Amino acid sequence: MHDTTLAGRPPSASHLTLSQIMDQHHTNLMGTVHGGRILNLIDSVAGVVAARHSDGPAVTAAIDETAFLRAVRVGDVVHVDAHITWAGRSSMEVTVKVTADRWDRAVPPTDVATAHLVMVAVDDEGQPRSVPPLLPQTDGDRRRYREAQIRREHRLALRQALLDGTEGH
Ligand SMILES: CC(C)(COP(=O)(O)OP(=O)(O)OC[C@H]1O[C@@H](n2cnc3c(N)ncnc32)[C@H](O)[C@@H]1OP(=O)(O)O)[C@@H](O)C(=O)NCCC(=O)NCCS
């Protein structure tokens, strides 16, 4: 059940973009940036968005399969743009888009990855707590909300199927 005492909020109220230049501390043996470094940025920014929407801490419950479309290099500026797309009782979906361009803008920003994360608001004991409803305002907000609901149904079905498969083992 949703907590009807909490006032709804639009996605724009918690939207966040972080830009960071990649240096040699972020590289793998190939000399390009670790995928784990990008995932770390995705998780951190999604955590802030979820915390802003819910006025408190939130943990990562799931990150959907994420593909890296191109390598990120030293000297690239990575832009991590995150929106809340859906909110339930205690969980929220945050969608994060990652793009990159060169420090000198020699090339325009290109897509690196898109990730969908399930963040769960937690209390001091680490137990789920209620979050404000999400109030989509634009046509884009409403489309992203509908798409997030479809992904949620798939995640819950997968989780249930995996749990069913482990019964008796
Ligand atoms: C996330 C966590 C708090 C959920 O606790 P729980 O006891 O399973 O709570 P619930 O089953 O009530 O789930 C809470 C919400 O999360 C959602 N949820 C949990 N796992 C999910 C998954 N894999 N996919 C989609 N939603 C999920 C539930 O649907 C529920 O949503 P709702 O309240 O909006 O309806 C708990 O599993 C946890 O602490 N996990 C570790 C998180 C962490 O430490 N992350 C950092 C990585 S180390």
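Computed from a predicted model, the values in this text were never measured in an experiment.

**Q** Describe the pattern of salt bridges, and please don't skip the residues or the numbers.
**A** For the structure shown, the criterion picks out 9 salt bridges. The closest approach of N and O atoms between Arg155 and Asp64, which form a salt bridge, is 2.8 Å. Of the two residues, Arg155 sits in helix H2 (residues 139–166) while Asp64 sits in the loop between strand E2 (58–63) and strand E3 (76–87), which places them 91 residues apart along the sequence. Each member of the pair, Arg155 as well as Asp64, carries the same accessibility label: buried. Between Arg102 and Asp76 there is a salt bridge, with its nearest N and O atoms 2.6 Å apart. Of the two residues, Arg102 sits in strand E4 (residues 91–102) while Asp76 sits in strand E3, which places them 26 residues apart along the sequence. There is no split in this pair, since Arg102 and Asp76 are both buried. One salt-bridge network, in which partners are shared between bridges, spans Asp64, Glu93, Arg151 and Arg155.

**Q** Describe the nonpolar core, naming the residues involved and giving the relevant values.
**A** Residues Val78, Met92, Val94, Val96 and Met119 are the most contacted members of the largest nonpolar core, which totals 30 residues. Among the secondary structure elements, those contributing two or more residues to this core are helix H1 (35–54), E3, E4 and strand E5 (110–121). Here the element with the most residues in this core is H1; it accounts for 7 residues. Leaving out residues up to four positions away in the same chain, Met119 has contacts with Asp43, Ala46, Gly47, Ala50, Ala58, Val59, Thr60, Ala61, Ser90, Ser91, Met92 and Val94.

**Q** How would you summarise the layout of surface pockets if you had to cite specific residues and measurements?
**A** For the largest pocket, the calculated volume is near 450 Å³. Every residue lining the largest pocket is counted, 18 residues in all, and those nearest its centre are Ala61, Val118, Arg155, Leu156 and Arg159. Every element with two or more residues in the lining of the largest pocket is listed here: E2, E4, E5 and H2. Among the elements that take part in the lining of the largest pocket, H2 stands out by supplying 6 residues, more than any other. Tallied by class, residues from the lining of the largest pocket come to 10 nonpolar, 2 polar and 6 charged.

**Q** Would you mind going over H1 in detail, with residue names and values included?
**A** The first and last C-alpha atoms of H1 sit 28 Å apart over 20 residues, in line with the 28 Å expected at 1.5 Å per residue. Listed in full, the buried residues belonging to H1 are Ile38, Leu41, Ile42, Val45, Ala46, Gly47, Val49, Ala50, His53 and Ser54. Structurally, H1 contributes buried residues whose contacts are with strand E1 (16–21), E2, E3, E4 and E5. Once H1 ends, the next one or two residues include Asp55, with phi positive near 60°.

**Q** Outline the UniProt feature "domain: HotDog ACOT-type" (unreviewed entry) in the protein chain, listing residues and values.
**A** Under the UniProt annotation, the feature "domain: HotDog ACOT-type" (unreviewed entry) is placed at residues 12–125. Split by type, residues 12–125 is 18% helix and 42% strand. Its first and last C-alpha atoms lie 29 Å apart.

About the cut-offs
Residues numbered from 1 in each chain as written. Predicted model: local features only at pLDDT ≥ 70, side-chain atom pairs only at ≥ 80, totals over all residues. Heavy atoms only, no water. Salt bridge = Lys/Arg side-chain N within 4 Å of Asp/Glu carboxyl O. Helix = DSSP H or I, 4+ residues; strand = E, 2+ residues; numbered from the N terminus. Buried < 20%, exposed > 50% of the residue type's maximum accessible area, 1.4 Å probe, protein only. Core = buried A, V, L, I, M, F, W, Y, C linked by side-chain atoms within 4.5 Å. Contact = heavy atoms within 4.5 Å. 1 Å grid on protein atoms, 1.4 Å probe; cavity = no way out; pocket = protein on both sides within 12 Å on 5 of 7 lines; lining within 4 Å. Points joined across faces, edges and corners; volume = space filled by probe spheres on them. Nonpolar A, V, L, I, M, F, W, Y, C, P; charged D, E, K, R; others polar. Expected span 1.5 Å × (residues − 1). UniProt positions renumbered as here; feature names shortened; annotations may be inferred.

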